[in-house]
2 protein chains.
Amino acid sequence: MEHIDKVIGTFEKTDEAPSVDSTRVSRAVISRLPRYHRYLRMLIEEGCLRISSSELSRRMNVTASQIRQDLNCFGGFGQQGYGYNVKYLYGKISELLGVNEGYRMVIIGAGNLGRALAGTHMFERRGIERVCMFDNDPAVVGQVMFGLQVYHIDRLEEICLAEGVDFAVMTTPREVAPAIAERLSALGIKGILNFANTELAVTRPDIIVENVHLSDPLMKFCYDLKHKKV
Amino acid sequence: MEHIDKVIGTFEKTDEAPSVDSTRVSRAVISRLPRYHRYLRMLIEEGCLRISSSELSRRMNVTASQIRQDLNCFGGFGQQGYGYNVKYLYGKISELLGVNEGYRMVIIGAGNLGRALAGTHMFERRGIERVCMFDNDPAVVGQVMFGLQVYHIDRLEEICLAEGVDFAVMTTPREVAPAIAERLSALGIKGILNFANTELAVTRPDIIVENVHLSDPLMKFCYDLKHKKV
């Protein structure tokens, strides 16, 4: 027990450990990291300090060899048989994923989806500060939703510049999203997380656009429904 | 031109073409199919009948060889140089994904996220019938939202059985999701599409659970923000 504590103690000093070289991590691994991050968070909440690749494999329903391959570059494992140091690995993955960078964001659209996102803890849990919301509907402009002031979309440039906004979460109808994206692009925002159900593209190549399609998991689900073996 | 029409004519008879053997398609390909499905739909809306793997590659920002590998098992390509028959491929992928199977679904939770999902066209576009919504809040029970009646959650079993519901979309707070999932499981529903931000698991192994985490694309986005080269 004493020995294990010593090992954990060593690995918890993440500040002193060398940074993970992001160029050595493939896109495929990156795309799987958010899921590892979620599971590691759950383990921390359960008070679990160490986990073997086989136990993590059972929980996450992926093979242990996949897990070892994916997490190889992160270190955080002591001697053979001790498993992964959960907090160390969580810290390393957080750092690589850009969690806790202190990004400041706005939500465009104060309809149902905008409110649903404003009401989650997913931003603050990742160290992201929610600045405000924008809409063009007089019925919602001026209201406060989940602690966020709703401003008229006409004030987008003024407020984003004054507040030093890093990125926008787009929840408008798809028809108006491209024009707003160009306005955000023109004012030099770093990125757009787009829930407007359209493939948004901006003219400036330096702006990150992540298009989220809620119908993609629906279709994977329909595939599983159709092909399930019962 | 006449020749191309003939080729398209041949391939559009999807009813006569042999079905795609789902056991021959890997999970990795399946997970990429919804994206192909979206792009093919856009092409059809644009009136595009044929597309080369290189043009599809440019639009989707994946390599042409990846596209050829992924779509190899679907057929739908004529002679070398003619490219893919868009409608044929769309039809084949739809069939494999279980689109237009006539599934009937209910939405659990009539809060912001439930309303946001009820207000999209993503279900009807895939031939899924939205039956009704459930909630426990007296303020919303009895209302009609986006054409859907909101019933009290106490009537879940009665209405799901009477209506022959195939699956449920879970949008409740995460704390109450597991208990409702067990009720759905007990009444023999086929699956749960879970937006309740928790890893839902039901005791019956024959029930498909798809856990959707809106924070996963957020984290991929944060990674790209942090590591972008500008």
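Okay, so let's go over this structure. Every value quoted in this text rests on a predicted model; they were computed, and no experiment measured them.

**What about the overall build of chain A?**
Consideration 1: A count of helical and extended segments in chain A gives nine helices and nine strands.
Consideration 2: Considering only contacts within chain A whose residues lie at least 6 apart along the sequence, 57% involve residues at least 24 apart.

**A word on helix α9 (residues 215-227) of chain B**
Consideration 1: In this model, α9 of chain B (13 residues) spans 18 Å end to end at C-alpha, consistent with the 18 Å of a helix rising 1.5 Å per residue.
Consideration 2: Of all the 13 residues making up α9 of chain B, 11 are buried; the element is thus mostly covered by neighbouring parts of the structure.
Consideration 3: When α9 of chain B is considered as a whole, its buried residues turn out to be S215, D216, P217, L218, M219, F221, C222, Y223, D224, L225 and H227 of chain B.
Consideration 4: Contact partners of the buried residues in α9 of chain B: α2 (27-45), α5 (86-97), β7 (167-170), β8 (191-194) and β9 (208-211) of chain A.

**Remarks on the sheet that holds strand β4 (residues 129-135) of chain A**
All names here are of chain A.
Consideration 1: If you trace the seven strands from one edge of the open sheet to the other, you get β5-β6-β4-β3-β7-β8-β9, paired in mixed fashion. The open sheet terminates on both sides in strands that have one partner only, identified here as β5 (144-145) and β9.
Consideration 2: When β8 meets β9, the two strands line up parallel, connected through four bridges. Counted as the bridge partner of G191 is I208 from β9.
Consideration 3: Sitting on the sheet, helix α7 (residues 156-163) touches β3 (104-108), β4 and β6 (148-152), and the angle it makes with β4 is about 170 degrees.

**Focus on the sheet that holds strand β4 (residues 129-135) of chain B**
Consideration 1: As summarised here, the arrangement of the seven strands in space is β5-β6-β4-β3-β7-β8-β9 (chain B), forming an open sheet in which the pairing is mixed. The open sheet has two edge strands with one neighbour each: β5 (144-145) and β9 (208-211) of chain B.
Consideration 2: Summarising the sheet, strand β7 (residues 167-170) of chain B and strand β8 (residues 191-194) of chain B pair through four bridges and their orientation is parallel. Counted as the bridge partner of A168 of chain B is I192 of chain B from β8 of chain B.
Consideration 3: Of the strands in this sheet, β7, β8 and β9 of chain B are in contact with helix α9 (residues 215-227) of chain A, which crosses β9 of chain B at around 165 degrees.

**Overview of the pattern of salt bridges**
All names here are of chain A.
Consideration 1: Under the criterion given, the structure shown has 34 salt bridges over all chains.
Consideration 2: A salt bridge links R59 to E46; the shortest N-O distance between them is 2.8 Å. With R59 in helix α3 (residues 53-60) and E46 in the loop between α2 and β1 (50-51), the pair connects residues that are 13 residues apart, well separated along the chain.
Consideration 3: Among the residues examined, R59 registers a relative accessible area of 32% and is labelled partly exposed.
Consideration 4: Classification of E46 by relative accessible area gives partly exposed; the value is 49%.
Consideration 5: Across the pair R183 and E157 runs a salt bridge, and its minimum N-O distance is 2.8 Å. Of this pair, R183 sits in helix α8 (residues 177-186) while E157 is found in helix α7, placing the two residues 26 residues apart along the sequence.

**Some thoughts on the interface of chain A and chain B**
Consideration 1: Across the contact, 57 residues belong to chain A and 57 residues belong to chain B.
Consideration 2: Approximately 5,600 Å² of surface area, both sides summed, lies buried where chain A meets chain B, with 66% of it carried by carbon and sulfur atoms.
Consideration 3: Of all residues in chain A, M219, F221 and Y223 of chain A give up the largest surface area on contact with chain B, accounting jointly for 13% of the area buried on that side.
Consideration 4: Our count for the chain A to chain B interface comes out at 10 salt bridges.

**Section: unusual backbone geometry**
Excluding glycine, residues mostly carry a negative phi; peptide bonds, for their part, are mostly trans.
Residues and elements named next belong to chain A.
Consideration 1: The backbone of N100 shows a phi angle near 65 degrees, a positive value even though the residue is not glycine.
Consideration 2: Counting through the fold element by element, N100 comes out in the loop between α5 and β3.
Consideration 3: Positioned with a positive phi, N197 is a non-glycine residue whose angle comes to about 55 degrees.
Consideration 4: Among the secondary structure elements, N197 is positioned in the loop between β8 and β9.
Consideration 5: Look at N197 and you get partly exposed, because its relative accessible area is 35%.

**Focus on the relation of the copies chain A and chain B**
Consideration 1: Superposing chain A onto chain B takes a rotation of 180 degrees plus a shift of 0.0 Å along the axis, which leaves an RMSD of 0.0 Å. What the rotation and shift describe, once combined, is the action of a two-fold rotation axis. Among all C-alpha atoms of chain A, that of N112 of chain A lies closest to the rotation axis, at 2.4 Å.
Consideration 2: Mapped onto chain B, 100% of the interface residues of chain A again fall at the interface, so both copies present the same surface.

**Remarks on the nonpolar core**
Consideration 1: Membership of the largest hydrophobic core comes to 54 residues, with the highest contact counts inside it found for F167 and V169 of chain A together with F167 and V169 of chain B.
Consideration 2: In contact with F167 of chain A, not counting residues within four places along its chain, are Y103, R104, M105, V106, I128, I189 and G191 of chain A together with L218, F221 and L225 of chain B.
Consideration 3: Among the nonpolar cores identified, the runner-up in size contains 25 residues, and Y36, L56, I67 and L97 of chain A belong to it.

Parameters at a glance
- Residues numbered from 1 in each chain as written.
- Chains lettered and ligands numbered in written order.
- Predicted model: local features only at pLDDT ≥ 70, side-chain atom pairs only at ≥ 80, totals over all residues.
- Heavy atoms only, no water.
- Helix = DSSP H or I, 4+ residues; strand = E, 2+ residues; numbered from the N terminus.
- Contact = heavy atoms within 4.5 Å.
- Expected span 1.5 Å × (residues − 1).
- Buried < 20%, exposed > 50% of the residue type's maximum accessible area, 1.4 Å probe, protein only.
- Pairing = 2+ DSSP bridges.
- Axes fitted to C-alpha atoms, helices over the stretch in contact; angles between N-to-C directions.
- Salt bridge = Lys/Arg side-chain N within 4 Å of Asp/Glu carboxyl O.
- Buried area = accessible area lost by both parts, 1.4 Å probe.
- Least-squares fit on C-alpha atoms with pLDDT ≥ 70 in both.
- Core = buried A, V, L, I, M, F, W, Y, C linked by side-chain atoms within 4.5 Å.

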